[in-house]
Amino acid sequence: MSIARQFSHLLQLGRAIRFPRLILALVTLVFLAGAVVWEWNRATSPGPLHPSHASIAALRGGSNCAACHGSGKITMTEACLVCHKDIKAQVDRGKGVHGQLPAPLQSCTTCHAEHTGGTVALVSPHAFQAVGVTDSLKFDHSKYATFTLSGKHDSLACMKCHPSATVAALGENTPRFLGLSQDCRSCHNDPHRGTFGPDCLSCHGQTLAFKKADGFVHAKDFLLTGGHAGLACKQCHESAGANSVAALKLHPMPARSCTVCHASPHKKTFVAAVALETGTTFDNSCVICHGSSDLTFLHPTAKMTSQHHALTGFSLAPTHAQVACVTCHKEIGTRRALPAGDDLPARFAKFFASHGQDACGECHESPHRGAMVSLIADATHLRDVQSCSVCHGTTNLTFQSPPATMTAAQHAATGFNLDVPHDRVKCIACHQDLGKAMDRGTGLANRFTQRFPGRAQAACEACHADPHAGQFKATPTQGRCAVCHAPTQFVPSNFDAAAHAKTPMPLTGAHLAIACVACHPKVDKVQRFTGTPTTCSACHTDVHGGRFDRAGMPKAVAGGTDCARCHNTTAFAQVKWTPADHVKWAGYALNGAHATISCESCHQPLIKPDQHGRMFGAAATSCVACHVDVHAGQFAIKGIVDCARCHSDAAKFTQTTFDHQRDSRFKLDAIHVKIACDACHKPVAAGAVSIVRYTPLGVSCRDCHGPGVTRDEVRQ
């Protein structure tokens, strides 16, 4: 019997034996308390615990429900946090996944399912989804774990750092994700053995390889730039000794000078002179030319001023100051660094041999004939090797022209006088390669002669290229320039209208005012003269679209063909057409009023030319295109109104050719033929206008006279 039924029988029995109400109440209370205790002892779990919880001694057997579900004022969530202290710490700090949960998710059962015997994981994908993490690979580590994953850490699988992440059942006090230390040394070996302390990230970071130490800041008085930036630490800091990393960390020393690590190939006198002039020490004077941030000691990284070059014994001022180093030192940009050794200065000196500054000939080969050099040297009282300065100067940056100069008198000595018009022509106009340097070597004089060949002053063709590409070689002129051009100037030519009149195309009318290039364009960069077409349509667009070239049209009129049949070169618009011409060309006779109206009445002037260049519109071919249909479409056949069926442009509009007997459905008898037209055809309103009604009208008597009227009555 159930407790409810027993309690019901007890109440009935109390009423039967008439217990006092107070005694009955006490007995009932005692019975209910006993029933609750009895039922509690008989309570069973809704299912087996997850293996992780079942392994805990305090929870074995499933009898200690309060440990997880709470009792009294302790909620289930608070009971869970008693054991899960690391999660409670997150909640208290408002950090991590549990510390940032919204209010609806504060209950543990929202994300974690228990009493399934392990068939459902305590930390399942549902748990991550509940907090907004739909993909575990996109877990925001910096938000929930306060440890930003970058570099190689970002590509690691979760299990690399959290080996218990996928373990089904965990032992007591064994965390799944929490409890890890963010100290680098908890996972990685410290190669510095504690010399630099525990803060590995401050030097190595997480992005680049560990050995790169991208966060490490070198000593401020020796920045790692240029060639020093890519070096490994051990290349400058041996593993032991005064310059080791560990030793310098404990006992910092001044930055080492250049010569401590690098051997100098320069003469000591030169180095001392540079140091004295720049106010640097002897050992650190290297940075004046090479720089502490350079990647190499070689040219062009190495820089040397004219003042420093003068300390070598060869001043660059003024002539050589702007000359590229490679001009004198051919291998300066191609050779490799010299290995250190006792003979380093001697090997270095071979690359930078000393030269005197007394004469150009010591370095520069003269391309001129010896007789010319000697003549100039004798005239200026100079040695042959010094005579270069007469034309080239001592401060010029190049031997080329300009700035090399040559007077007209000196040029005459070559056999070519600079008379008009050559006295005003720049040197480079005749000597195309004048500004280009020539390679040195054997045969320089011959190459120079090829560049400056002797020319006779007989014919233009000897020096000047034919700009007409041989067009006139087959003509009577045989391509001679002087036939059309004056010897003193090439442009303009002396080819005038009279000369043009001898060609197949005399210049008349408007053609006299047209520039030559309008008819003679450039083809493949050459202006074409021969073979130019002479027909109008070859140059001008047919604005009529071939309308007057159809079959049956005249091919020639008064000796004129093409456009000249109607137009002349004086004015294109001056065309006089007779009525006969209109029939001949347009196929439309101008009769009656059409013969007296202006062309513009039918051919409307355009504001601007159309796509064919026409300034007048095409004339319409139907009457209603120009004239209003006074019948408002009553006589249209299949939508087309043809006024010519009843009217002729040779007569007045009121004089029609309409025949009532032939052209209508109603034949006029002897009676109706005498009746006026307006007796049957009366005005009617057609919109805003009034028109005479012609059709449709009835053809039976009663349509006009009413029912019952006979023909005899109509006659009376």
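Residues numbered from 1 in each chain as written. Predicted model: local features only at pLDDT ≥ 70, side-chain atom pairs only at ≥ 80, totals over all residues. Heavy atoms only, no water.

With that out of the way, let us pick up the overall build of the protein chain. In terms of regular secondary structure, the protein chain is built from 33 helices and six strands. Of the roughly 50700 Å² that the protein chain leaves accessible, carbon and sulfur atoms contribute 60%. (Helix = DSSP H or I, 4+ residues; strand = E, 2+ residues; numbered from the N terminus. Areas by Shrake-Rupley, 256 points an atom, 1.4 Å probe, with all protein chains shown as cover.)

Turning next to the confidence of the model for the protein chain. Considering every residue of the protein chain, the mean pLDDT works out to 80; 90% of them sit at 70 or more. Below pLDDT 50 for its whole length, residues 1-7 participates in nine contacts with residues either more than four positions away or in separate chains. (pLDDT = per-residue confidence, 0-100. Contact = heavy atoms within 4.5 Å.)

A cis amide bond links Val-491 with the next residue in sequence, Pro-492, at an omega value of 0°. Considering the arrangement of structural elements, one finds Pro-492 in the loop between α24 (444-451) and α25 (497-500). We note that His-115 has phi near 65°; this positive angle belongs to a residue other than glycine. Structurally, the position occupied by His-115 is in the loop between α7 (96-99) and α8 (125-130). We note that Lys-638 has phi near 55°; this positive angle belongs to a residue other than glycine. For Lys-638, the location among the structural elements is in the loop between α29 (599-602) and α30 (660-663). For Lys-638, a relative accessible area of 84% translates into the label exposed. (Buried < 20%, exposed > 50% of the residue type's maximum accessible area, 1.4 Å probe, protein only.)

Attention now goes to the packing of helix α5 (residues 76-83) against helix α6 (residues 85-93). For the pair α5 and α6, interaxial distance at closest approach is 5 Å and the crossing angle is 120°. Considering their axes alone, α5 and α6 lie oblique with respect to each other. For the pair α5 and α6, contact is made by Leu-81, Val-82 and Cys-83 and by Lys-85, Ile-87 and Lys-88, respectively. The residue inventory of the contact of α5 with α6, partitioned by class, reads four nonpolar, no polar and two charged. (Axes fitted to C-alpha atoms, helices over the stretch in contact; angles between N-to-C directions. Parallel < 35°, antiparallel > 145°, perpendicular 65-115°, else oblique. Nonpolar A, V, L, I, M, F, W, Y, C, P; charged D, E, K, R; others polar.)

In the structure shown here, the tally under the stated rule is seven salt bridges. Across the pair Arg-347 and Asp-343 runs a salt bridge whose closest N-O atoms are separated by 2.9 Å. Judged by its relative accessible area of 21%, Arg-347 falls in the partly exposed class. Arg-424 is paired through a salt bridge with Asp-423; the nearest N and O atoms lie 3.9 Å apart. For Arg-424, a relative accessible area of 59% translates into the label exposed. (Salt bridge = Lys/Arg side-chain N within 4 Å of Asp/Glu carboxyl O.)

Turning next to the packing of aromatic side chains. Under the definition given, this model contains eight aromatic pairs. Consider the rings of Phe-128 and Phe-139, whose centres lie 6.4 Å apart with planes at 90°: the pair is edge-to-face. With Phe-128 in helix α8 and Phe-139 in the loop between α8 and α9 (141-144), this pair connects stretches of sequence that are 11 residues apart. In this structure Phe-139 comes out as partly exposed when scored by relative accessible area, which is 26%. Overall, Phe-128 belongs to the partly exposed group, its relative accessible area being 23%. Clustering of aromatic rings is evident, with ring pairs tying together Phe-128, Phe-139, Tyr-144 and Phe-177. (Phe/Tyr/Trp six-rings, centres within 6.5 Å; stacked < 30°, edge-to-face > 60°.)

Here the focus is the state of the cysteines. Evaluated as defined, the whole model comprises zero disulfides. Among the cysteines around Cys-83, which has no disulfide bond, Cys-68 carries the closest sulfur, lying 6.7 Å off. Take Cys-83: its relative accessible area is 58%, and that puts it in the exposed class. For Cys-536, which is in no disulfide, the shortest distance to another cysteine sulfur is to Cys-563 and amounts to 4.4 Å. The class for Cys-536 is partly exposed, based on a relative accessible area of 27%. (Disulfide = S-S within 2.5 Å.)

Let's shift gears to the environment of Arg-193. By the element assignment, Arg-193 lies in the loop between α11 (158-161) and α12 (201-204). Classification of Arg-193 by relative accessible area gives exposed; the value is 77%. Separated by 53 residues in sequence, Arg-193 and Ala-246 have C-alpha atoms that sit 9.6 Å apart.

Note that strand β5 (residues 683-686) and strand β6 (residues 689-692) share four bridges and pair antiparallel. The residue bridging Val-684 from the neighbouring strand is Ile-691, located in β6. Connecting β5 to the antiparallel partner β6 that follows it, the hairpin turn spans two residues, and Gly-687 within it adopts a positive phi of roughly 75°. (Pairing = 2+ DSSP bridges.)

Turning our attention to helix α16 (residues 268-278). Residues of α16 that are buried: Phe-270, Val-271, Val-274 and Ala-275. One side of α16 holds all its buried residues, which, seen down the axis, span an arc of 135°. For α16, the exposed residues set more than 90 degrees away from the buried face come down to Lys-268, Thr-269 and Leu-276. On its buried face, α16 sits against α17 (306-310). (Arc of directions from axis to C-beta.)

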